[in-house]
Amino acid sequence: MRELLRSLPALSGDVLPFDPDAAPDDPLALFGEWFAAAVDAGVPEPHAVTLATAGADGRPSARVLVLKDVGPDGFAFATDARSGKAVDLAVNPRAALTFWWQPVVRQVRVTGAAHHLGAEASAADYLARSPASRAAALAVRPGEPLGSVAQLRDAMSAARERVDDEPGLVLPQWQAWVVVPDALEFWQGSPDRAHVRLVYRRSAAGSWTRSLVWP
Ligand SMILES: Cc1cc2nc3c(=O)[nH]c(=O)nc-3n(C[C@H](O)[C@H](O)[C@H](O)COP(=O)(O)O)c2cc1C
């Protein structure tokens, strides 16, 4: 493994120009610019993001999920209330999100407070999903021991029939969440390792300050 790992290239994408002095005052505007640039550059699934949480015991846990929205309120995602992340956030509503867009050598890091958006928004998110996605969410019992993959497939088939029979059915455990950012870092990698890090921090009054930090 050691040899294999050391033989692999890193930071091998095509760097995009980034002038931090010309960055907008609002980091969410810059996130929008960077996200659009990632889509234009053909970054695969740029909306897949790593969400890190920590539960009551302080142990961190991270997993990939799909971003559902970004707006003035923050970064929205959805999950099952029984999942590890939702259990963590219920006791410790702090989260970090990390995007890695390899083809353009860009990383975006977000930290902030996480809020459950409530039953109405959660139901709307659930109902906006495809029938297959709704059935998958309905079938599962997150984190519980599973006897076999066949058992999972059977549960999904049964859930799909139920979703088709009851198109208005909402999974009560479905939860929409938003991470309200208090800091964002925009990281533009460079082949010569002169990586540019621009960090935005939200003041107590709600305005943003930004500064470069050493890589
Ligand atoms: C590309 C991708 C997208 C995913 N999207 C979601 C999602 O939107 N919501 C979700 O709860 N899990 C999603 N998952 C599954 C999570 O990574 C994870 O396995 C699951 O949520 C259980 O994690 P937890 O127990 O730590 O909460 C996705 C996984 C991948 C690889």
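Residues numbered from 1 in each chain as written. Predicted model: local features only at pLDDT ≥ 70, side-chain atom pairs only at ≥ 80, totals over all residues. Heavy atoms only, no water.

**Q** Whenever I open this one, unusual backbone geometry confuses me. Can you help?
**A** As a rule of thumb, non-glycine residues mostly have phi less than zero, and peptide bonds are mostly trans rather than cis. Positive phi, normally seen in glycine, also occurs at L11, with a value near 55°. Within the secondary structure, L11 is located in the loop between α1 (2-7) and α2 (27-40). (Helix = DSSP H or I, 4+ residues; strand = E, 2+ residues; numbered from the N terminus.)

**Q** Sorry, what's going on with the nonpolar core here?
**A** Taken as a class, soluble globular proteins show a tendency for nonpolar side chains to be buried jointly. By size, the foremost hydrophobic cluster in this structure holds 31 residues, and its most contacted members are L30, F31, F75, F99, W101, V108 and F186. Where this core is concerned, the elements lending two or more residues are α2, β1 (48-54), β4 (74-80), α3 (84-91), β5 (94-101), β6 (106-116), β7 (174-188) and β8 (196-202). Here this core takes 5 residues from α2, the largest share from any one element. Residues in contact with V108, not counting those within four places in the same chain, are F31, W34, L97, T98, F99, W101, E185 and F186. With 11 residues, the next largest nonpolar core counts A78, A135, L138 and V163 among its residues. (Core = buried A, V, L, I, M, F, W, Y, C linked by side-chain atoms within 4.5 Å. Buried < 20%, exposed > 50% of the residue type's maximum accessible area, 1.4 Å probe, protein only. Contact = heavy atoms within 4.5 Å.)

**Q** In this structure, what is going on with the site of the ligand? I would like to understand it.
**A** If you check the shell around the ligand, you find R63, V64, L65, V66, A78, T79, S83, G84 and K85 and nothing else. Within the backbone of V66, an N or O atom sits 3.4 Å from a nitrogen atom of the ligand. Look at the ligand: alone it shows 620 Å² of surface, and the protein chains cover 57% of it. Listed by contribution, the elements that provide at least two residues to the shell around the ligand are β2 (60-66), β4 and α3. Of the residues forming the shell around the ligand, the biggest block, 4 residues, is contributed by β2. Its residues assigned to classes, the shell around the ligand comprises 4 nonpolar, 3 polar and 2 charged. (Near = heavy atom within 4 Å. Polar contact = N/O pair within 3.5 Å; in protein donor to acceptor, adjacent residues only side chain to side chain. Areas by Shrake-Rupley, 256 points an atom, 1.4 Å probe, with all protein chains shown as cover. Nonpolar A, V, L, I, M, F, W, Y, C, P; charged D, E, K, R; others polar.)

**Q** Whenever I open this one, the environment of L184 confuses me. Can you help?
**A** Its location among the elements puts L184 in strand β7. Looking at L184, the relative accessible area reads 1%, which means it is buried. In this structure the C-alpha to C-alpha distance between L184 and T98, which are 86 residues apart in sequence, comes to 9.8 Å. In contact with L184, other than residues within four places in its own chain, are P27, F75, R109, V110, L198, V199, Y200 and W208.

**Q** How should I be thinking about the pairing of β4 in this particular structure?
**A** Counting buried residues along β4, 7 of its 7 residues qualify, which places the element largely inside the surrounding structure. Linking strand β3 (residues 69-71) to β4, which pair antiparallel, is a turn of 2 residues. In this sheet, β7 lies alongside β4 in antiparallel orientation, the contact comprising 6 bridges. Counterpart to F77 in the pairing with β7 is W177. (Pairing = 2+ DSSP bridges.)

**Q** Even after reading the chapter, I still don't get the packing of helix α5 (residues 131-139) against helix α6 (residues 149-165), so can you show me in this structure?
**A** Contact geometry for α5 and α6: axes closest at 8 Å, N-to-C directions at 125°. Of the possible angle classes, the one that applies to α5 and α6 is oblique. Relative to α6, the crossing made by α5 is right-handed. In this structure, α5 uses P131, A132, R134, A135, A136, L138 and A139 to contact α6, whose residues at the interface are A155, M156, A159, R160, R162, V163 and D164. Tallied by class, residues from the contact of α5 with α6 come to 10 nonpolar, no polar and 4 charged. (Axes fitted to C-alpha atoms, helices over the stretch in contact; angles between N-to-C directions. Parallel < 35°, antiparallel > 145°, perpendicular 65-115°, else oblique. Left-handed = near helix turned anticlockwise from the far one by under 90°.)

**Q** Whenever I open this one, the packing of aromatic side chains confuses me. Can you help?
**A** Each aromatic ring pair is described using two quantities: the centre-to-centre distance and the angle formed by the ring planes. This structure, assessed with the given rule, holds 11 aromatic pairs. Judged by centre distance (5.8 Å) and plane angle (75°), the rings of F35 and W101 are edge-to-face. Here F35, found in helix α2, pairs with W101, found in strand β5; they are 66 residues apart in sequence, far enough to count as distant. Each member of the aromatic cluster is reached from another via a ring pair, and the members are F31, F35, F75, F99 and W101. Above the plane of the ring of W34 lies R106, whose end atom (NZ or CZ) is 3.8 Å from the centre. (Phe/Tyr/Trp six-rings, centres within 6.5 Å; stacked < 30°, edge-to-face > 60°. Lys NZ or Arg CZ within 6 Å of the ring centre and 35° of its normal.)

**Q** Just to check I follow, could you spell out the side chain of R106 for this structure?
**A** Structurally, the position occupied by R106 is in strand β6. For the buried R106, no salt bridge exists, and the shortest N-O distance to an oppositely charged side chain is 7.4 Å, to E33. (Lys, Arg positive; Asp, Glu negative; His and termini not counted. Salt bridge = Lys/Arg side-chain N within 4 Å of Asp/Glu carboxyl O.)

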